[in-house]
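Here's the letter readout for the chains.
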Amino acid sequence: MTTTLADTWGLHASQFWLRGKQPENRVEFAAELGMWNVYGHPEIEEILRDPATFSSDTTRLVPKEMMPDADLEAMSAGNLLQLDPPLHNKMRKLVSRAFTPKVVADLEPRIAAITHEMLDAVTTPGRLELVEDLAYPLPVIVIAELLGVPASDRHLFKGWVDKMFESSEQLSLVKKDEKQDEAIKKSLEGQKSLTDYLGVHVDERRKQPREDLLTKLVEAEVDGERLSRNEVVNFANILLLAGHITTTMLLGNSVLCLDTHREWDERARADRSLVPPAIEESLRFLTPFAAVARTTMREVEVGGVTVPADQLLMLWVAAANRDERVFTDPGTFTPLRDPNPHLAFGRGIHFCIGAPLARLEGRVALNILFDRYPALRTIPGEPPKFQVNPNMTGVRELPLTTA
Ligand code: HEM
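So, here's what we can say about the structure.

Thresholds applied
- Residues numbered from 1 in each chain as written.
- Predicted model: local features only at pLDDT ≥ 70, side-chain atom pairs only at ≥ 80, totals over all residues.
- Heavy atoms only, no water.
- Near = heavy atom within 4 Å.
- Polar contact = N/O pair within 3.5 Å; in protein donor to acceptor, adjacent residues only side chain to side chain.
- Helix = DSSP H or I, 4+ residues; strand = E, 2+ residues; numbered from the N terminus.
- Nonpolar A, V, L, I, M, F, W, Y, C, P; charged D, E, K, R; others polar.
- Expected span 1.5 Å × (residues − 1).
- Buried < 20%, exposed > 50% of the residue type's maximum accessible area, 1.4 Å probe, protein only.
- Phe/Tyr/Trp six-rings, centres within 6.5 Å; stacked < 30°, edge-to-face > 60°.
- Lys NZ or Arg CZ within 6 Å of the ring centre and 35° of its normal.
- Pairing = 2+ DSSP bridges.
- Core = buried A, V, L, I, M, F, W, Y, C linked by side-chain atoms within 4.5 Å.
- Contact = heavy atoms within 4.5 Å.
- Salt bridge = Lys/Arg side-chain N within 4 Å of Asp/Glu carboxyl O.
- Axes fitted to C-alpha atoms, helices over the stretch in contact; angles between N-to-C directions.

1. Some points on the site of the ligand
Taken together, 27 residues lie around the ligand, and His-88, Arg-92, Arg-294, His-350 and Cys-352 are the ones closest in. Within the contact set of the ligand, an oxygen atom lies 2.7 Å away from a side-chain nitrogen or oxygen of Arg-294. Between the ligand and His-350 there is a distance of 2.6 Å, counted from an oxygen atom to a side-chain nitrogen or oxygen. Those elements that place two or more of their residues in the shell around the ligand are α4 (87–98), α12 (229–242), α13 (245–260), β7 (292–296) and α17 (355–372). Residues that form the shell around the ligand fall into these classes: 18 nonpolar, 7 polar and 2 charged.

2. What about α13?
Spanning 16 residues, α13 covers 23 Å between terminal C-alpha atoms, matching the ideal 22 Å at 1.5 Å per step. Among the 16 residues that make up α13, 15 are buried, leaving the element largely enclosed by the rest of the structure.

3. Section: the packing of aromatic side chains
Between two aromatic rings, the relevant description is the distance of the centres plus the angle of the planes. For the coordinates displayed, the defined rule picks out 10 aromatic pairs. On the numbers, 5.4 Å between centres and 75 degrees between planes, the contact of Phe-157 with Tyr-197 is edge-to-face. Residue Phe-157 is found in helix α9 (residues 154–165), and its partner Tyr-197 is found in helix α10 (residues 178–207); the two are separated by 40 residues along the sequence. Across this residue pair, the class does not change: Phe-157 and Tyr-197 are buried. A cation over an aromatic ring shows up here: Arg-322 above the ring of Phe-285, its NZ or CZ 4.3 Å from the ring centre.

4. Remarks on the sheet that holds strand β11 (residues 377–378)
Spatially, 3 strands are ordered β4-β14-β11 in an open sheet, and the strand pairing comes out antiparallel. The sheet terminates laterally at β4 (127–129) and β11, the two strands that pair on one side only. Across 2 bridges, β11 lies against strand β14 (residues 399–401) in antiparallel orientation. Among the inter-strand pairings, Thr-378 is bridged to a residue of β14, identified as Leu-400.

5. A word on the nonpolar core
Side chains of nonpolar character tend, in soluble globular proteins, to be buried together. Among the nonpolar cores identified, the biggest contains 104 residues, and Phe-99, Phe-157 and Leu-369 are the most heavily contacted of them. Considering every element that reaches this core, the biggest residue donor is α17, with 10 residues. Those residues in contact with Leu-369 that lie beyond four places of it in its chain are Leu-119, Leu-128, Leu-130, Leu-134, Val-255 and Leu-376. Membership of the second largest hydrophobic core comes to 16 residues, among which are Ile-44, Val-302, Val-307 and Leu-315.

6. Section: the pattern of salt bridges
Applying the stated criterion across every chain yields a total of 25 salt bridges. Arg-210 serves as the salt-bridge partner of Glu-204, at 4.0 Å between the closest nitrogen and oxygen. For Glu-204, a relative accessible area of 34% translates into the label partly exposed. The closest approach of N and O atoms between Asp-265 and Arg-269, which form a salt bridge, is 3.0 Å. Of this pair, Asp-265 and Arg-269 both sit in helix α14 (residues 262–270), separated by 4 residues, roughly a single helical turn. The class of Arg-269 is buried, set by a relative accessible area of 17%. Through salt bridges with shared partners, one network takes in Arg-26, Glu-43, Asp-323, Glu-324 and Arg-325.

7. Focus: the sheet that holds strand β2 (residues 35–38)
Taken in spatial order, the 5 strands make up an open sheet running β1-β2-β10-β7-β3, and their pairing is mixed. Across the chains shown, the open sheet's two edge strands, defined by having one partner strand only, are β1 (27–30) and β3 (54–55). As judged from the 4 bridges shared by β7 and strand β10 (residues 312–315), these two strands associate in the antiparallel manner. The partner of Val-292 across the bridge, within β10, is Leu-315. Its contacts with the sheet put helix α2 (residues 41–48) on β1, β2, β3, β7 and β10, and the angle it makes with β10 is roughly 125 degrees.

8. A few points about the side chain of His-88
Counting through the fold element by element, His-88 comes out in helix α4. The class for His-88 is buried, based on a relative accessible area of 2%. What His-88 contacts, discounting residues up to four positions off in sequence, is Leu-80, Leu-83, Ile-349 and His-350.

9. A closer look at the pairing of β7
Of all 5 residues in β7, 4 are buried; the element is thus mostly enclosed. Here 2 bridges tie β3 to β7, and the two strands are oriented antiparallel to one another. Residue pairing in the sheet places Phe-54 in a bridge with Thr-296 of β7.

So, in structure tokens, the structure goes:
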């Protein structure tokens, strides 16, 4: 049996597809979690393309006793990820205006400047802690500057976001034990701190508009009506969250994939046109946002299995990205895979709005790393550490030698 990256780094034992295994069933009910797991590529694609049958409003199924203190309605207002049409289309238009191809392309020099600034600030000679030194700060600074909140507050965001995702427990609709209560409590605390923080900035923009995305959201109108305070705050919350943690993983994972596939590292260094396909393949190979959720609005057949109405479905895009019905030799890292229809950014109406920005950050940062460090390598005896949350696949510490 070949040694997989998962074996080498002890990565997510729960994510069996990383060990080259295929799921026994593409669609199955996990009774212990009270929800369905979907692993197949065609099945997931079909679900993502049918928002009328598969709603993104997952909060409607969360039992009240699981989160007795949470005001789920207030938390999901304006949360693009949880909205269904027709409100979703209207809200998405708003934010799409802020992420036009030109706005994203114009960020390139700033992304390069931040990358150099971060790398210039590294003090330990011959070493880099890729996540702390670059992969975390870069996307956070970019999204904070876009929104208009101080990038220097990033240590605060990190504390709150870590709290939200530090649980290693699988998401579940079945009430289990105190450990689960504690994980939910911590996650909600992190969420609340971030929401309160953004609320202060939103209130300031109402009084004193500026040239930033928060002001645009405050002033934006949907059908002649301004967004409510809750909607603006939650909207900003999603951007700040989605805008950084996943891109941090994309950067770290791309460097790790190239480190463990040296032939591709050499080829991409020599021919920089291989950088974007290497990033795409790393998104397929180590998919940062491993799963997205949907709920059934009616009884429906998925991959030959009947799923009743009002069920929660976890769509494991990370597994779909290894589906051998779609990808030849899915356990092999091959940047020149063409086509590469990975689902790392989703599909359909909720397709990731920040994909062009994430791709740009990845391309700029990887090129600069190549330029500055001809010998960037992992360090024997200092393996990377991975996110503990099973819904995420990504490094959270990646010590490297540059000598
Ligand atoms: C949606 C992944 C970067 C903002 C999504 C979805 C995925 C995803 C899978 C679809 C969720 C669903 O269908 O339920 C990623 C990955 C990223 C990344 C892997 C980096 C590698 C970003 C960035 C931003 C962003 C940089 C913003 C600046 C959003 C937003 C949505 C979204 C606002 C919701 C879109 C909608 O519901 O219409 N992302 N994302 N993402 N992403 Fe990203």
